[in-house]
Structures are given as C-alpha cells and as structure tokens.
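# Notes for the structure review
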Amino acid sequence: MNKINRIVFLGFCFFSIQVSGQSKIAIYLNDKKPVKERIEDALSRMTLEEKVAMCHAQSKFSSAGVPRLGIPEVWMSDGPHGIRAEVFWDEWNNAGWTNDSCIAYPALTCLAATWNTDMAALYGKSIGEEARYRNKNVLLGPGVNIYRTPLNGRNFEYMGEDPFLSSTMVVPYIQEVQKNGVAACVKHFALNNQEVDRDHINVNVSDRALYEIYLPAFKAAVQKGGAWAIMGSYNQYKGEHCCHNQYLLNDILKRDWKFDGVVISDWGGVHDTRQAITNGLDMEFGSWTNGLSWGRSNAYDNYYLAAPFLKLLKSGDVSEELLNDKVRRILLLIFRTTMNKERPFGSFGTEEHALAGRKIAQEGIVLLQNKGNLLPLNTSTIKKIAVIGENATKMMTIGGGSSSLKVKYEVSPLDGIKKRFGSSAEIIYAPGYTSEKNNKENLLQKAVETAKKADVVLVFGGLNKKENQDSEGADRKGLSLSYGQDELINAISKVNKNVAVIILSGNAVAMPWVNKVSSIVEGWYCGTEAGNAIASVLAGDVNPSGKLPFTFPVRLEDSAAHALGDYPGNGKDETYNEGIFVGYRWVDKQNIKPLFSFGHGLSYTTFKYGKVSADKKQLAADEDITFTLSIKNTGSRAGEETVQLYISDKKSSLPRPVKELKGFKKIQLNANEEKNVSFTISKEALSFYDDIKHSWIAEPGAFEALIGASSTDIRSKLSFELR
Ligand code: BGC
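Please read all numbers here as calculations on a predicted model, not as lab measurements.

So, how was this worked out
Residues numbered from 1 in each chain as written. Predicted model: local features only at pLDDT ≥ 70, side-chain atom pairs only at ≥ 80, totals over all residues. Heavy atoms only, no water. Helix = DSSP H or I, 4+ residues; strand = E, 2+ residues; numbered from the N terminus. Contact = heavy atoms within 4.5 Å. pLDDT = per-residue confidence, 0-100. Buried < 20%, exposed > 50% of the residue type's maximum accessible area, 1.4 Å probe, protein only. 1 Å grid on protein atoms, 1.4 Å probe; cavity = no way out; pocket = protein on both sides within 12 Å on 5 of 7 lines; lining within 4 Å. Points joined across faces, edges and corners; volume = space filled by probe spheres on them. Nonpolar A, V, L, I, M, F, W, Y, C, P; charged D, E, K, R; others polar. Near = heavy atom within 4 Å. Polar contact = N/O pair within 3.5 Å; in protein donor to acceptor, adjacent residues only side chain to side chain. Areas by Shrake-Rupley, 256 points an atom, 1.4 Å probe, with all protein chains shown as cover. Phe/Tyr/Trp six-rings, centres within 6.5 Å; stacked < 30°, edge-to-face > 60°. Lys NZ or Arg CZ within 6 Å of the ring centre and 35° of its normal. Axes fitted to C-alpha atoms, helices over the stretch in contact; angles between N-to-C directions. Parallel < 35°, antiparallel > 145°, perpendicular 65-115°, else oblique. Left-handed = near helix turned anticlockwise from the far one by under 90°.

Mapped onto the elements of the fold, asparagine 672 is located in the loop between β24 (660–669) and β25 (674–681). Leave out the neighbours within four places in its chain, and asparagine 672 touches Lys632, Asn633 and Gly635.

Here it is, written out as structure tokens:
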C-alpha cells in the first residue's frame, strides 16, 4: 500500500465502526458535521441500556459514557469557589491524591461585591482552567439563589439579594468557564433560599416574586451566559421536588427559556422515577447508595433513573422518546466539552490563578465604616499592631459543606499582616475567642491586655465554616456573632480607641458595637490569597472599592422573612409572604434604617457626583433612554467607585418597590480626575411581571432615575416618562 492509500485506509477505519454487524460511517465522531446530525448518529448506535446508563451516576461525581463507541464519561466537580479534591468512587472522603490541591477563589458574595463584570470574567476564566486541567467537564457552580434571609447557611455561595446584580455578574463567569470546554452548572434551581428543611420544604411564592426576584439570575445564566447545565434544588415548589418539577424544568426552563443543556439533580434530590422521567430531569446524582450491598450487581442500578427506568421502558410503559431527549442533551454536553477537540488544556494551582483570586478579593473587600480615617494604617506612626481573633488564623477554605476545598495554600490574615507590616511594626496576636470549647474568660482577658499595649487593634471576627455558621445543611441560629465576640469587641474598645473590626463572613451580622469602634471592614472568605488581599487593603496599597451585595439589617426582624414570621416555615410549607419585597426593597418599603445598606462601600478617597441628565424627557416603548452624569475623584488618591442606577415607578397598577437597581458601572479615577458615566436602559428596566397576564409589562407614565453611591445614598435624580 502506498502512503496515500494508507492514509485513506486509516481514515476509513477511524470513521467506520461496526454496529450490529454492519459498517456505518461514524458521523458522530466528525466534528465538521452539524451537531444535530452527530447526536442523532450517536443515538442510533446506542442500546437502551447504554442510553439509560448515561442518565444517572456511576460514582459520586461521574456518569457512564459508552466505551464501545468511544463516548467518554462525564466528570463533575464542586464548585463554585475552587475544584474540589478527588473523593473515593463511592464515598465522600478525600481519595488522598497528592496532585489535587487547588487555588481557592473568593466566595461568590465577595465576587458580587466587586460589582465588576471583568472580575466575574477573570474568576470564570481561572476556575474554568483549573477544572479543565483536572479533566472535569462539569463545574458545579456558580450559585445564584437570592439572599432572602441572613440566616441562610449557604449565602456565601451566592451573589446577594438583588436579581439585577446577580444576573449581571453570573454571565461572564459562565462564559469564561465554558471557553475551557467545561460546562458551568448553575445552581440551585430554584427557591433554595434556606438550608433548614431544604430536602422537602415546599415553597409558596407568588408568580410575581418568582419572576422578578428568584428567576432572573437563572434566566440570564441560560439566555445570556449560555449555560450548558443547571442543577435542580432540593426543595419543593407547587408540591413537586425541584429536581423533577414540571413548572420549573419543563415549562419555564426548557420550553420558555429554550434551555438546550442538561438538568442535573442535586445530590440525593431525586425522589420519584416517573416524575424524574417526565418532569425535565436529565441526570440523577447522589441518590443514596452504600456502594456495596444495596442494589443488585451495582448499587447505582437502584437509582430512580437506572433499573426502574429501564423496566418502564422495556415494558413500553414510558416512551423511548423521553429517554432520547435526555441522552441528546447529555451527548450535546459531551460534544461541547470532552469531545471538543479545540478546547484548551487548562492549568492548575498556578501563581497566575492565585493572583487572579487576590485581585478579585481586593476589589470585593468592603470598607463599611472608617471613623477618623483610622484606615489605611499609617506605617510611619504605627509601631505596634495587635491582631485579635480566631478568624485571624483560621482556615476558611475548609468546611462549609460541598464547597470545602483542599488548597495548595491559604494565607491567613495574621500571616498577611505580618508580611505586609512586619518590617515597620511589631505584630502581637491573641485569639480573644474560640469556636472550640476552651477557657473563654482567660482568652478575653489576654486579648484585652494585648490590645492595651498596641497603637492599633485589628479584630478578626465574624463567622466561619462550621455548622450553624456559614455552612451547608443548616442555617445560622441568629444574626449575632457567636463565641462571645460582641463582649470581646466591647471590652477591647474600652482599652484602645483605634480599633478596626474585620468581619469574615458570607452573611450580614449584628454589630451592637458599631459606634464603639473606628473602622469596620467586610473581608468575606477570600480563598488562597485572603491574608495578602486583606493586608493590602488595610495598608492602602489597594484602595477599597467593594460594595455590599446585600443589606446588613440592625436586627433580624428588619429583614422581611423574619418581620413577617415566615422563616423557616412549618416544616412542610413556607410562604414567602413578603413577595417581591426582599432585601432593600423591604427596607425601602418599611422605611427601615439598615445598619449598612445594599450597595454601600467606602473608599480612601471621595467622589463627587454631578447632576444626572438624560437624552430625552420621554421615551416610546421601542426606544432607549440614556442617563449621563459626571463623577469626580475629589480626594488625594486614585480610587474606584461603583455608580448605581435605580429606577422608581411613580404610579403603577400593581405595588412596586420604591426603587430597583437597573444599572451599575465601576469607574476608575485618579485624584482630581473627572469622567462621565452613562447608562442606557429600555422599557425592560421599567417593567414588572404581571401575574394575571403572565407577562412583563411596562406601564406608560412617570418614572424617576436615581443615581446613588448606595441604595440609601442617592446623589441625583431625574424624572422621565414612558409614553
Ligand atoms: C450540594 C450541591 C453540590 C452537591 C455535590 C449537594 O449537597 O447542594 O451544591 O454541588 O452536593 O457535592
């Protein structure tokens, strides 16, 4: 055979496959062919058993491919803050690999607090590269459930209380992850807003609140982000578990939003074979198995979408079309990921990724209060820094449930501070409190003695990743800090007037000592580079520019779910009686003064907002309107400011929030620099969801554009009309 003939022959072998004794050209392997054709070709070659095997797990985090046809397995990983360590085939324990220590990125609350879509893109790119390197083709994240109560143990995995902010931030995250040939699996769809009773609580919510508050981030993830996968949630809606829910999955997600990706169950979120078959689920994961004795040949056969599904198919009780729809979606996922020859190789645990995490953290950290400009710390006058608090040394990447990570390294706040300030000041440390059961009185006394000796005291407190703090599976018991931290901060404030409290948390906390300390910083959970990021903000190497993605209420009763007594439901049902009035929408309506408002965050410089103007006074339904204002850095150092646009509907046939976020822009300004900021909106930003008509309506009439530095710090207003 000459050379050319040999190539032709090999090519023929590659594209040919023996199926049932006859040779067919393997279109499914040919990525030049339209994907629809490839899918149909692959499907036509598969047995019923092979197809069913693709619809459920074969291990904790993988599902079967079709080895006979060279169709690869699907491998998933948590998500959403880093690539989880490898676990055993059938167990949650780490498998003990030595090459799976990842970079931990800041928690999604911190990402949301950057109010910067470039940071969301950087996050997605970096974590996507890590997932790809580890050969995962589905990343179980990001999470976009709305922050309804500050007690939700998983708020740190989500993007705050506002549908516009979370919708905007989620899109670049997904797009950049997926450029790596890794699917983002957006979770938890939908209404999983608390951990108490999460596996069964039936959420009653008005259509208006569903469409205006709880669904927009998922819709944006699907339609703008192009997410290839979505995870159903544990709870119920309209009496059906959300992992097999006719309304959410078939009607809204697949029919109305035209989602062409894969619906994956949350782990153990499937409860019924028939519903799992008919109500929109494609892949079942995490149903109980001991991996050993339960089941026939293989414990995974007992999954709802395994042997029971096959039996119904074989008896003709359910149509094969239902199975084919699932398998088509799974094949599309595989073509988009593992079988995409163009996908890059990824990279893992690199310095570049660690620095990306640090950058995001530095932009997300929020300066909440800075009386007397204690911060940034003046390194020429401060000679002794007391660092107090268990959170200054506690690893925060471990714990918290499924987002727990095995990290390459994690810089603690104490280490970060020693590194940044150690050459100019003496750093003294006392834990002050403990989350373990030790001698608390003794710790407090020692901390007070330490604080007395210092020029400045940095208290690192807040929550942690233990149960009933910021952690999956349970909610917090209250808004207050645990372990005697309030007492500690009060005591320290009596002996030193230069106190900065840095809260590490993914949730709002009560601060009864707010007026007794100079500065307060929300330092989130910042991952691998946490300590360095915090130190650079405290030192002023970075000018803080984060803004809160959720309201800090003074008291729990100031948040709607608690004011109305709905939370956590009666064990069976929970009604969201506050409807659309979640977060600042509630605070505005009730005229409540929050401790710190949605959108609040200070800088080491100051910004002057000019008067807002518009390109027209009236707009028609098919027109846009553009608002413009100038913003000037009036301080002495460069900084970034997030300018926020809220819209207020002055008269409406249905009750509306006082105002709603409809635009934001983060602007970089040098000292004395001035820039113009513009926002263009259309009637979409003026609309509400009419649950009688089942559609979005923009009612003609008077509106107001409010430009703010936060939801309660409105700097300029302008009236306009929709014709
Ligand atoms: C969580 C999911 C997670 C899954 C796999 C579940 O308990 O709710 O968010 O992706 O476990 O670890």
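A few words now on the confidence of the model for the protein. Mean pLDDT over the protein works out to 95, with 95% of the residues at or above the 70 mark. Counted against residues more than four places away or in other chains, residues 1–23, with its pLDDT under 50, gives 20 contacts.

With that settled, the discussion passes to helix α8 (residues 216–223). Owing to its 3.6 residues per turn, the α-helix aligns residues three or four sequence positions apart on the same side. Burial analysis of α8 places six of its eight residues in the buried class, which makes it a mostly covered element. Of the residues making up α8, those classed as buried are Pro216, Ala217, Phe218, Ala220, Ala221 and Val222. Each element contacted by the buried residues of α8 is listed here: α6 (163–178), β6 (183–189), α7 (207–214), β8 (229–232) and α9 (246–256).

Let's shift gears to the layout of surface pockets. Computed from the structure, the largest pocket encloses a volume of approximately 850 Å³. Along the walls of the largest pocket sit 30 residues, with Ser167, Pro216, Lys224, Glu684 and Trp696 positioned nearest its centre. Of all the secondary-structure elements, those providing two or more residues to the lining of the largest pocket are α6, α7, α8, β24 and β27 (695–697). It is α6 that contributes the most residues to the lining of the largest pocket, five residues altogether. Each residue belonging to the lining of the largest pocket can be placed in one class, and the counts come to 14 nonpolar, seven polar and nine charged. Size it by volume and the second largest pocket reaches roughly 350 Å³.

Residues in contact with the ligand amount to 15 residues; listed here are only the nearest, Asp78, Arg154, His188, Asp266 and Glu472. One of the side-chain nitrogen or oxygen atoms of glutamate 472 is found 2.6 Å away from an oxygen atom of the ligand. Relative to its free-state accessible area of 310 Å², the ligand is covered by the protein chains to the extent of 96%.

For serine 716, the location among the structural elements is in strand β29 (residues 714–722). Residue serine 716 is classed as buried on the basis of its relative accessible area of 7%. The residues touching serine 716, leaving out its near neighbours within four places in the chain, are Gly610, Lys611, Val612, Ala705, Leu706 and Ile707.

Under the definition given, this model contains 27 aromatic pairs. Seen in terms of ring centroids, tyrosine 105 and tyrosine 123 are 5.4 Å apart; in terms of plane orientation they differ by 45 degrees. Their pairing is tilted. Residue tyrosine 105 is located in the loop between β4 (74–78) and α4 (108–114), and its partner tyrosine 123 is located in helix α5 (residues 117–133); the two are separated by 18 residues in the primary sequence. Within the aromatic cluster, the residues linked to one another by ring pairs are Trp115, Phe164, Tyr584, Phe598, Tyr646 and Phe664. Over the face of the ring belonging to phenylalanine 421 we find arginine 420, whose NZ or CZ atom lies 5.4 Å from the ring centre. One Lys or Arg, lysine 465, reaches over the ring of tyrosine 525 and ends 4.7 Å from the middle of that ring.

Bringing the packing of α5 against helix α13 (residues 351–364) into the picture now. Interhelical geometry of α5 versus α13 gives an angle of 150 degrees and a closest axis separation of 10 Å. Considering the angle they form, α5 stands roughly antiparallel to α13. Crossing handedness for the pair α5 and α13: left-handed. Side by side, α5 and α13 meet where Met119, Leu122, Tyr123, Lys125, Ser126, Glu129 and Glu130 of the first sit next to Glu352, His353, Ala356, Lys359, Ile360 and Glu363 of the second. Its residues assigned to classes, the contact of α5 with α13 comprises five nonpolar, two polar and six charged.

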